[in-house]
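# Observations on the model geometry
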Amino acid sequence: MDASRQIAARIEFLRRQLVDREPGPLRDAYLAVPTRERPVLQGTTTPALTQIWQQRPSGLITPATAETQPIDLMAVYLTFEEIFGFAAGPAYPVKQLQALPLSFVLKFCAELLNALSRPGASHSDVDRAFATQWLKEPIRTRVLNELRDPRRALVVPQALMLLARAAVEHSPDSLPDGAKPGKLIGALLAFSDMIGLSGAGGPTVIADQPGDLGREVIANQYFNNNASVPHTFARYVRRWRELPQQFAGKDGLVDLPAVYEQCTGVTLDDLTVVAGALWTAACNGNVLTPTAELETLLPAGQVTKVLALISADLETLRQAVQDERAQRHTEWTFDAFQQRPVIRLGAFLLVMDQRHLIDRAFGWLPILDVRFPPDTHPRPTNHKKLAGQAIRTLRRFSELYVSEVLHSITGKGTTRRVYDDAELKAAFQGEGQKIADAAVDYGDTWIVVEVTTSQLQRDAATAVPGNAQVKDIDKLLEEVQQIDATIQALRRDESRLTGVSSQIRRRYLPLLLLTEGFPVNPVSMTVIRERAHKRGLLQGQDVMPLEVIDVEELEWIEALQEQQGVSLLEVVQRKQASSLERTAMRSFLADTITTPLSHPQRFEGKASKALGPLEAVLLKREQREP
């Protein structure tokens, strides 16, 4: 090597010794480029110890680098006092309703509720249209300016339901000739103003009890949780149509469509035709449908039988609302409208809220018709046993559906595998051994899944004071025990399940999946985790925090896996590392996914199959017409 190369090599050696070992931050400090995010002291290159602040949509002032917080996901509604400049007393809306015909108020509420729940609807668009149509100047312009803030809102779904319920109690069928009508818009906005004012005061620190504020937060989220119609249709087809054909007569499972007809005298096809036609009309902006229109699709007798299940006339509605008030009535109690989402107004049918109609005909609720058949139809001699079998069958099909989604998420031809409950029971059988419904092997992490069809009971869902929500959460902890026991079994010897011993240190992600939804928020997650900890469940540094999701959120993760290659484990890890860790999975996904997602591939053709009976009768009617 010549002298010049020796010198160059020596210089390079010294450079590596002196420079490469220099800490990176020190190396970068020789020059400074001032930016808004990184100011420097005047005349120097020294970074200024200055925090940049910003005002968040919620109104909070936070560091500019702060992530989205749960409070940022909430809308702030304009109040009556903000709009009109004075407060309305509690007697004000009742006085207005006493001078408004009941059918007029119900139609008004139905128009707005359906506008808000229409697939693809924009709440902000509905707010602006409402302000433009119903408010006068100068109030209209002031409100429209307020609504330019994307976190401000005007039309409150709960207030619309409170207005409809109060109208059933106070509004007459008609007004005397020449009577001055009440102020409908004032009554609606007054109810918006008074929401939450009747709640009892109490501690707001959340631990293993939700408290008064926590109860309201849980009820609010439960009421405002809008299920996706395509997702509802996909689950309906599998649970009520396809799986009954595959499993009828096996392991005590029954044919759900046959049992439904046997107990009610109504076929699922007829229910689909009536509910589907009314839903389609509501989606197109027609909340009122002539009964005669349905009778061009089905014989009048069949339409009458379906309507006996899902509709009520005004007299029946009044009695139902009166019964509600006698049974621990709260600001969230709307059973009469949810159980019978169609109101009979003479020769017309009014859809109050299409989301309630979809739930009533295509969700879990048809099982209530099996349990409580109409008085006009004779019950089968073995009705109680048959209804019990139907409920167990629907629960089992819900679990099977989740297993299908999990298998879809893990994909084919990968090293990951879903172990279902049968495999877990075979591997870890033993007296008293509790077993979860599934375990998913992600290499260094086991996701242990327990599926439950448990739902919030009425008192818990409607924020009735007391321990109803805690009791429901304690029921969920019984499911968490299944997860905990399975984690312990895997810790002891997972080779009994996999056939091989693990050479790596495993972590465990407990995942509780509720098929019918659960209001996940900082309140409910704090309570369920605190109560699980007190029971000694899910302990150990190798156990990640309990995650609670519903089946629709799992389906969105399925779509994310298919279209962007992001696994279930990755999604949960990212969520648990974020500031939205204790919020609902759908809130986290909505805040973090910037690329639009389509539905999972499995959904292809499911909506058409769900509405198949309606499409068939529409085709027949078209062929009959000249």
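Heads up: the structure comes first, above all this text.
Residues numbered from 1 in each chain as written. Predicted model: local features only at pLDDT ≥ 70, side-chain atom pairs only at ≥ 80, totals over all residues. Heavy atoms only, no water.

Further remarks concern the overall build of the protein. Looking only at helices and strands, one finds 30 helices and 13 strands in the protein. Going through the 626 residues of the protein one by one, you find that 49% of them count as buried. Once local pairs closer than 6 in sequence are excluded, the contacts in the protein between residues at least 24 apart make up 75%. Of the roughly 30,800 Å² of accessible surface on the protein, 52% is carried by carbon and sulfur atoms. (Helix = DSSP H or I, 4+ residues; strand = E, 2+ residues; numbered from the N terminus. Buried < 20%, exposed > 50% of the residue type's maximum accessible area, 1.4 Å probe, protein only. Contact = heavy atoms within 4.5 Å. Areas by Shrake-Rupley, 256 points an atom, 1.4 Å probe, with all protein chains shown as cover.)

Before going further, it helps to spend a moment on empty space enclosed by the protein. Taken as a whole and assessed by the stated rule, the structure comprises one cavity of 30 Å³ or more. Its boundaries defined by the atoms lining it, the largest cavity holds a volume of some 50 Å³. As for the largest cavity, its lining consists of S454, Q455, L456, D472, K475, L476, L514 and F518. Here the element with the most residues in the lining of the largest cavity is helix 23 (residues 468-493); it accounts for three residues. Class assignment for the residues of the lining of the largest cavity results in four nonpolar, two polar and two charged. (1 Å grid on protein atoms, 1.4 Å probe; cavity = no way out; pocket = protein on both sides within 12 Å on 5 of 7 lines; lining within 4 Å. Points joined across faces, edges and corners; volume = space filled by probe spheres on them. Nonpolar A, V, L, I, M, F, W, Y, C, P; charged D, E, K, R; others polar.)

Before going further, it helps to spend a moment on the nonpolar core. Counting 58 residues, the largest nonpolar core has L106, F108, L154, L163, F337 and M352 as the members making the most contacts within it. Excluding residues within four positions of it along the chain, F337 makes contact with L106, M161, A164, R165, V168, L317, V321, I343, M352 and H356. Counting residues in each nonpolar core, the second largest holds 52 residues, with L278, I367, V370 and A610 among its members. (Core = buried A, V, L, I, M, F, W, Y, C linked by side-chain atoms within 4.5 Å.)

Here we come to the sheet that holds strand 10 (residues 438-441). Strand-to-strand pairing in sheets goes through backbone hydrogen bonds, with the strands running parallel or antiparallel. Pairing in this open sheet of five strands is mixed, and the strands run 9-10-11-12-13 from one edge to the other. In this open sheet, the two strands that pair with only one neighbour each are strand 9 (417-420) and strand 13 (547-550). Neighbour-to-neighbour, the strand axes of this sheet turn through a mean angle of 25°, independent of strand direction. The strands touched by helix 20 (residues 383-410) are strand 9, strand 10, strand 11 (445-452) and strand 12 (507-514); relative to strand 9, the strand with the most contacts, the crossing angle is about 160°. (Pairing = 2+ DSSP bridges. Axes fitted to C-alpha atoms, helices over the stretch in contact; angles between N-to-C directions.)

Let's shift gears to the layout of surface pockets. In this structure, the second largest pocket occupies an estimated 380 Å³ of space. As for the second largest pocket, its lining consists of 15 residues, of which W134, K136, K183, I185 and G186 are closest to the centre. When residues of the lining of the second largest pocket are traced back to their parent elements, those giving at least two are helix 3 (80-84) and helix 9 (184-194). The leading source of residues in the lining of the second largest pocket is helix 9, at three residues. Broken down by class, the residue content of the lining of the second largest pocket amounts to 11 nonpolar, one polar and three charged.

What the rule picks out here adds up to 11 aromatic pairs. On the basis of an interplanar angle of 85° and a centroid distance of 5.6 Å, the ring pair of F233 and W279 is categorised as edge-to-face. Of this pair, F233 sits in helix 11 (residues 229-247) while W279 sits in helix 13 (residues 268-283), and the two are 46 residues apart along the sequence. No difference in accessibility class separates F233 from W279, as the two residues are buried. Cluster of aromatic residues (ring-pair linked, three or more members): F80, F84, F86 and Y92. Its guanidinium or amino end placed over the ring of F247, K250 lies 5.8 Å from that ring's centre, counting from NZ or CZ. When the ring centre of F223 is taken as origin, the NZ or CZ atom of R355, which lies over that ring, is 4.8 Å away. (Phe/Tyr/Trp six-rings, centres within 6.5 Å; stacked < 30°, edge-to-face > 60°. Lys NZ or Arg CZ within 6 Å of the ring centre and 35° of its normal.)

Here we take up the pairing of strand 7 (residues 342-345). Taken together, the three bridges between strand 6 (residues 311-313) and strand 7 define a ladder with parallel strand orientation. In the strand pairing of strand 7, A312 is matched with I343. Looking at chain direction, strand 7 and strand 8 (residues 348-351) are connected through four bridges and run antiparallel. The residue of strand 8 that forms the bridge with R344 is L349. Linkage of strand 7 to strand 8, two consecutive antiparallel strands, is achieved through a turn of two residues, within which G346 is found at a positive phi near 60°.

Glancing now at the side chain of D474. Tracing the sequence through the fold places D474 in helix 23. Those residues in contact with D474 that sit more than four places away from it in its chain are R531 and R535.

Since one α-helical turn is 3.6 residues long, residues separated by three or four positions face the same way. Given a rise of 1.5 Å per residue, 13 residues ought to cover 18 Å, and the 19 Å separating the end C-alpha atoms of helix 30 (residues 612-624) matches this to within 8%. What helix 30 keeps buried is the set P613, L614, V617 and R621. End-on view of helix 30: buried residues confined to an arc of 100°, all on one side of the axis. Exposed side of helix 30, more than 90 degrees from the buried face: E622 and Q623 are the residues found there. Against helix 11, helix 13, helix 14 (291-294) and helix 29 (606-610) lie the buried residues of helix 30. (Expected span 1.5 Å × (residues − 1). Arc of directions from axis to C-beta.)

Two numbers describe how helix 5 (residues 102-117) lies on helix 8 (residues 157-170): the axes approach to 9 Å, and their chain directions differ by 160°. Taken together, the axes of helix 5 and helix 8 lie roughly antiparallel to each other. As for the relative orientation of helix 5 and helix 8, their crossing is left-handed in sense. Contact residues: helix 5 offers L102, V105, L106, F108, C109, L112, L113 and L116, while helix 8 offers P157, L160, M161, L163, A164, A167 and V168. (Parallel < 35°, antiparallel > 145°, perpendicular 65-115°, else oblique. Left-handed = near helix turned anticlockwise from the far one by under 90°.)

Here we take up the sheet that holds strand 7. On the basis of which strands lie adjacent, the open sheet formed by four strands has the order 5-8-7-6 and mixed pairing. Either end of the sheet is taken by a strand with one partner, and the two such strands are strand 5 (288-290) and strand 6. Strand-to-strand twist of the sheet, defined as the mean angle between neighbouring strand axes without regard to direction, takes the value 30°. Note that strand 5 and strand 8 share three bridges and pair antiparallel. In the sheet register, T289 faces strand 8, and the bridge partner there is L349. The strands that helix 5 touches are strand 5, strand 7 and strand 8; relative to strand 8, the one it contacts most, it runs at about 50°.

Right, let's get into the environment of A234. With respect to the helices and strands, the residue A234 is situated in helix 11. Sequence spacing of A234 and K606 is 372 residues, and the spatial spacing of their C-alpha atoms is 5.2 Å. Aside from chain neighbours lying at most four places away, what touches A234 is Y401, F603 and K606.

Here the structure, examined in full by the defined rule, presents 32 salt bridges. The partner of E581 in a salt bridge is R529, with the nearest N and O atoms 2.6 Å apart. One end of the pair, E581, is in the loop between helix 27 (568-576) and helix 28 (585-592); the other, R529, is in helix 25 (residues 522-534), with 52 residues separating them in the sequence. Looking at E581, the relative accessible area reads 14%, which means it is buried. (Salt bridge = Lys/Arg side-chain N within 4 Å of Asp/Glu carboxyl O.)

A separate point is the packing of helix 13 against helix 15 (residues 300-310). Here helix 13 crosses helix 15 at 75°, and the two axes come no closer than 10 Å. Put simply, helix 13 runs roughly perpendicular to helix 15. Facing D270, L271 and V274 of helix 13, the residues of helix 15 in contact are Q302, V306, L307 and I310. Along the lines of polarity and charge, the residues of the contact of helix 13 with helix 15 split into five nonpolar, one polar and one charged.

Any functional reading would require information beyond the geometric quantities listed.
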